[in-house]
Amino acid sequence: MTAVPLDPPRRLVEFTLDGEPARVAEGATILDACRAAGKDIPTLCQGETLEPKNACRACVVEVEGARTLAPACSRKAEPGMTVSTDTERARHSRKIVLELLASATDLSTTPRAAEWIKEYGAKPDRFGADAATMNEQPKIDNDLYVRDYDKCILCYKCVDACGEQWQNSFAISVAGRGFDARISTEHDAPLTDSACVYCGNCIEVCPTGALSFKSEFDMREAGTWDEDRQTETTTVCAYCGVGCNLTLHVQDNEIVKVSSPLDNPVTHGNLCIKGRFGYQHVGGGNTAGA
Amino acid sequence: MDLRFGDSKPTDEEKAAVDDLLGPPPSAWEGADDRSTGDLRWAVGGRDARERRDLLLPGLHAVNDRVGWISEGALTYLCRRLTVPPAEAYGVATFYSMFSMRPRPATVVHVCTDIACAAAPGADDFQADVERRLGPAGEARDGAVWQPSPCLGLCERAPAALAIRAGQGCPSAAGPGAGASSNGVSANGSSPAPSASAPGGAAYAAAVVAPATAEAVEAAARAPEDAAEEPDAALAVPQAGDPQLKLLSRIGVADPGSLDSYRANGGYRALRRAFALGPAGVLREVTDSGLVGRGGAAFPTGRKWQATASQPDHPHYVVCNADESEPGTFKDRVLMEGDPFALIESMTIAGYATGAHKGFLYLRGEYPRALRRLTDAIAQARARGLLGDDVLGQGYAFDIEIRRGAGAYICGEETALFNSLEGNRGEPRSKPPFPVEKGLFGKPTAANNVETLVNVLPVLEMGAEAYAAIGTGKSTGPKLFCVAGSVERPGIYELPFGATLGDLLNLAGVTGDLRAVLLGGAAGGFVRGDELDIPLTFEGTREAGTTLGSGVVLALDSSVPLPRILLRIAEFFRDESCGQCVPCRIGTVRQEEALHRLAARVGAPSTNGSNATAGTAEDIALLREVGEAMRDASICGLGQTAWNAVESAIDRLGAYA
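Naming follows an unreviewed UniProt entry, where chain B appears as NADH dehydrogenase of Streptomyces abyssalis. Recorded under Sequence similarities (unreviewed entry), the UniProt text for chain B is reproduced unchanged: "Belongs to the complex I 51 kDa subunit family."

Under an unreviewed UniProt entry, the name given to chain A is NADH dehydrogenase, and the source organism is Streptomyces abyssalis.

Below, the structure is given as C-alpha cells:
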C-alpha cells in the first residue's frame, strides 16, 4: 500500500441539514454532507473523480434565504446555512428534471433512472408523442467503443475526462448550442480522424451508457448482456510498470469490459488503451491465431 | 500540449485574415510553411501560446468577416496559431449564430423577426416580401442569404435588418497585433473603407436597414456598401436637447466623432473630479449615490466596485457589458452611437476606482455603427493622452480593448461573457465565486452595463447627494427607457425614477387602444394596458408583481396577436439557451412546444369545445410546472426568466383564457 500524504487538519463547518445539525470538513459540498448522513440525492453529472459541473440539476436542494435552488454537488457547505433536501420545491424541480431528461433522452441504460422516475412520480410521456428528442443514431466508427448520443444527457463528464482534468487529449467538446448541443469531435469527424487515443476514460465516467465498449454494445444488441451473470475481478495491469488496477468484467468466462476502481490512487479510474482494451489475448478463443 | 491538428490547409485569404490579426507565424510550430532547423531543435507552443486563447473569438471573427464562413483549414490554422485543440475551437465556433461552418454566400442578411419587429404594422407582409425577393430563409441566392434574427436592437425603427458582406478591410483587422487605431475603418460612412485594394474581392461592408422595406433589404443584400446612411442616433432620442437630461444630454448636441466637441460639452469633467477625489473617494461617491446596475439585476454599483477594489489578487479588470441583446432593448446602442466618449470616460473612472489598468468592452456583434464610433473614440482618446500609460498626466495607466460578440444572447450574462472573452464557449459559470473575486481570467473583475457606467458621470459631476436626490429613496438617479411598439414617438426616454408607466407612455404618445405593455423585455413581464399607474422604479414594479429589467417598455395594441408574440419569446429562449443545464436546455423546448399547441387551438375554432378546453388547461398546467423548475433550478438568469413573460401573459392578460 502506498503511503498517502495527509492533508493538514481541516476545520469543520457546522450547518443545518433537514433540521439536524451537520458537521463536515471545510470545503465539503452539501452532497458530501448528505451522503455522510445517509441521504439519497439523485445525481447524474456528478462524478467522484471530476470537478462538479452541476449541469443536470438533479441534485438541487433548498438553501434558506436563496432565491433559487442550489446544486448539492457543487455548493460548498457554509457555516450556519440551513439546507433542506426534501422540500416540495426541491422535489418538484428534481421531478421535472427527470421528466425532461427522460422525454428527450434514452435513459434505458442509466443506472437508477427508472427507480428515481418512480420515486419522484415523474411522467416523461406527458409532453406528448411529438416532443423533440435527441434523435441520434449510434456512432460506430471504430472497433473499441460506441458513442450512442441518443442516450447522452450532456453532462460534460466525458469532455472533462478527455480534456484537462485527466487525459489532455481534447478529442471531444460540446458543439452547437441549446437543445442542438452535442458532444462532438472537430467538424463531427469520425473518432478515427480525431485526437482520440482510445483510453476509454470517457466510458468510465459516462453516467448513462451513451459511451460503451463495443463488446457491451454488441451484446446488448444481441440481447446477451446480463450483468447478473458477470463477475468483477480486480487485478494489476501487466503491460507496464505503472501498476494500474484493472477490474475485469467477465461473463461466461469472457472479458466483456474493463474498468478501473475510481478510488485507486494510481488510476483514479483512468487507464490507457492497453489496459482498457488490450485484453483480447486472454480468452484466446477469439484471436486470429487460435 | 501535444495537439493533433489534422491536415487541412487554409486558403491564402483565410491565412491572411488570421495573420492580419495575429501577425505572421513565428515558427512552423505555429503554422508557418517553411520549417527551419531551429524549429526542429525546440518546440514552441507552451504557456505563451496558450495564454493567447482569448484571441480565438477575434480570430474566428477575422476569418468569418473576410471569407463569410469558417472552413476546416481556417479553423485548423487558427488552432495552430493559438495552440487550441481543434475540437474545442469547433465547439466555440458552433456556439455563435453569426458564424457558419459551412460554405455560404459572402452576404448574410439578418432580418429581425423578434417581438418589436413582429409587432410592427405590416410585419407579415414585410417578411413574405423579403422571402419573395431573396428566396426562403437560409437558401443561398445570387450571392446572398438571409436568416431570421433575434432582436437587432433597432426597435425604434422597426422592422429592421442588418446586411453584412464579408470581404477585406473588416473591423476585426483591429487586433492587438495590428494596433486598434489603424484598422481601416472610416469614422463616418455607412461602410468602412477597404484598408487595401481588394484584388478581385469585394470590401467588407455592413449596412443597417431600418425602418426596412423589402426593396431596401434586397438592395442592401445586393450592395451593402451603397446602403443609405443610418439616421443620426439623436433621432432615437425624442427628448434630445432638453436641458434637464443627465445621461442623454450630449446626444444630438455634441458630435459623437469629435473629442473636442465632447470636451466642450462637459466631457472629462467627471474624470478630473475622480482624480481629485482619489479611488477611495470615487468609491464613496458611487456608493452614496445609491446607483444600482441598469442591466437588469439592479446590484449596487458601489458595493461591486468596492469588493473588486479590495481584492488582494491582481490584476483587476473592468469589463463593460455592451452585449445588449434583450429583445426590445436599444438604450446602450444609442448611448454608444450618440455619445461614445462618455463610455470611454466612465470606464476609465471605473478602472481608477477599482485599481484596474485594463478594460474590456464586450460589444454586441450586430452593432456595426457602435463599433465604428467606439473604435474611433478610443483611438482619439489614446492620441490625446486620455487613455494609455499616463491618463491626464496623473500617472494612472488605463486602456480599453473592444471585443465583439458573435450572436449569443447568453453572453450578456456576465460569467458567460467572461468565458466568451477568454475564448471558451459562452456558458455561464456557477456562482459563487462571484466576479468581484474570480471574474475575467480568474481575476477580480467589475463588470457593468453601459448605462450603469454612464451614470457614474453625473454622480461625480453633481456629487452623490444631489444625484441621490433624483428619483425615489430606493431607486436613485435618472433611468433610460426603451419605448417601442404602438407609440407615436418610439425611442429612448430619460426620466427620473418614480415616473409612472402612464407618464412615460404619455410622452411617447400611445397609438390605438393599448392592450398590454411588455416591461423588461423577453425576460420581463406583461402588464395590462390599464395598469398605467405602476411607478417605474425597482421597488414599484416589484410591488406590482412585474419587473423593470433593462428598461424595455414595449406597447402592444389590440391588433397585435398575443399568442404569436408569446411563441416568438419562447422561440427566442429555445434558440438562445446555451444548453448547459437540463431545466433550460429541454425546458425551453417543452415550453415552445406547449405554446405551439395552445396557439393552434386559438387559431382553429374547435368543433369539440370541452376537449380543447381540457387540453388548454393541461398545457397551461404543464407550462407552469416546467416554468417553475426553470426558474428554480436553472444555472443562470436566462433559464430562470425564460417563463416570466409567458406566465405574466397567462395570469395578467388572460392569454388562452
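A. Spotlight on the overall build of chain A. When its secondary structure is counted, chain A shows eight helices and twelve strands. A compact globule built from 290 residues should have a C-alpha radius of gyration of about 19 Å, and chain A, at 21 Å, falls within 12% of that. Projected onto the principal axes, the alpha-carbon positions of chain A cover approximately 65 × 55 × 40 Å. Residue burial in chain A is summarised as follows: out of 290 residues, 52% are buried. With the model as given, the accessible surface of chain A reaches about 13,900 Å², and the carbon-plus-sulfur share is 49%.

B. Geometry of the sheet that holds strand E11 (residues 245–251) of chain A. Residue and element names in this part refer to chain A. With antiparallel pairing, the three strands of this open sheet are ordered in space as E10-E11-E12. Of all the strands in the sheet, just strand E10 (230–236) and strand E12 (254–259) have a single pairing partner and so form its edges. On average, each strand axis in the sheet is inclined to that of its neighbour by 30°, with strand direction left out of account. Pairing of E11 with E12, which is carried by five bridges, proceeds in the antiparallel orientation. What sits directly across from Gln 251, in E12, is Glu 254.

C. Focus on the environment of Gly 275 of chain A. Residue and element names in this part refer to chain A. The residue Gly 275 is located in helix H7 (residues 273–277) in this model. Of the residues examined, Gly 275 reaches a relative accessible area of 5% and is grouped as buried. When the C-alpha atoms of Gly 275 and Val 236 are compared, they prove to be 9.3 Å apart, with 39 residues separating the residues in sequence. With sequence-adjacent residues up to four places away left out, Gly 275 is seen in contact with Cys 237, Tyr 239, Leu 246 and Val 258.

D. Spotlight on unusual backbone geometry. Note the cis peptide between Ala 158 of chain B and Pro 159 of chain B, where omega equals -5°. Looking at where Pro 159 of chain B falls in the secondary structure, it is placed in the loop between strand E2 (144–149) and strand E3 (161–165). For the bond from Pro 432 of chain B to Pro 433 of chain B, the omega torsion is 5°, close enough to zero to count as cis. Even without being a glycine, Asn 54 of chain A presents a positive backbone phi close to 40°. Along the polypeptide, Asn 54 of chain A turns up in the loop between helix H1 (30–36) and strand E3 (60–63). Given a relative accessible area of 4%, Asn 54 of chain A falls into the buried group. The backbone of Ala 298 of chain B sits at a positive phi, close to 55°, despite the residue not being glycine.

Cut-offs applied
- Residues numbered from 1 in each chain as written.
- Chains lettered and ligands numbered in written order.
- Predicted model: local features only at pLDDT ≥ 70, side-chain atom pairs only at ≥ 80, totals over all residues.
- Heavy atoms only, no water.
- UniProt positions renumbered as here; feature names shortened; annotations may be inferred.
- Helix = DSSP H or I, 4+ residues; strand = E, 2+ residues; numbered from the N terminus.
- Rg over C-alpha atoms; globule rule 2.2 N^0.38 Å.
- Buried < 20%, exposed > 50% of the residue type's maximum accessible area, 1.4 Å probe, protein only.
- Areas by Shrake-Rupley, 256 points an atom, 1.4 Å probe, with all protein chains shown as cover.
- Pairing = 2+ DSSP bridges.
- Axes fitted to C-alpha atoms, helices over the stretch in contact; angles between N-to-C directions.
- Contact = heavy atoms within 4.5 Å.

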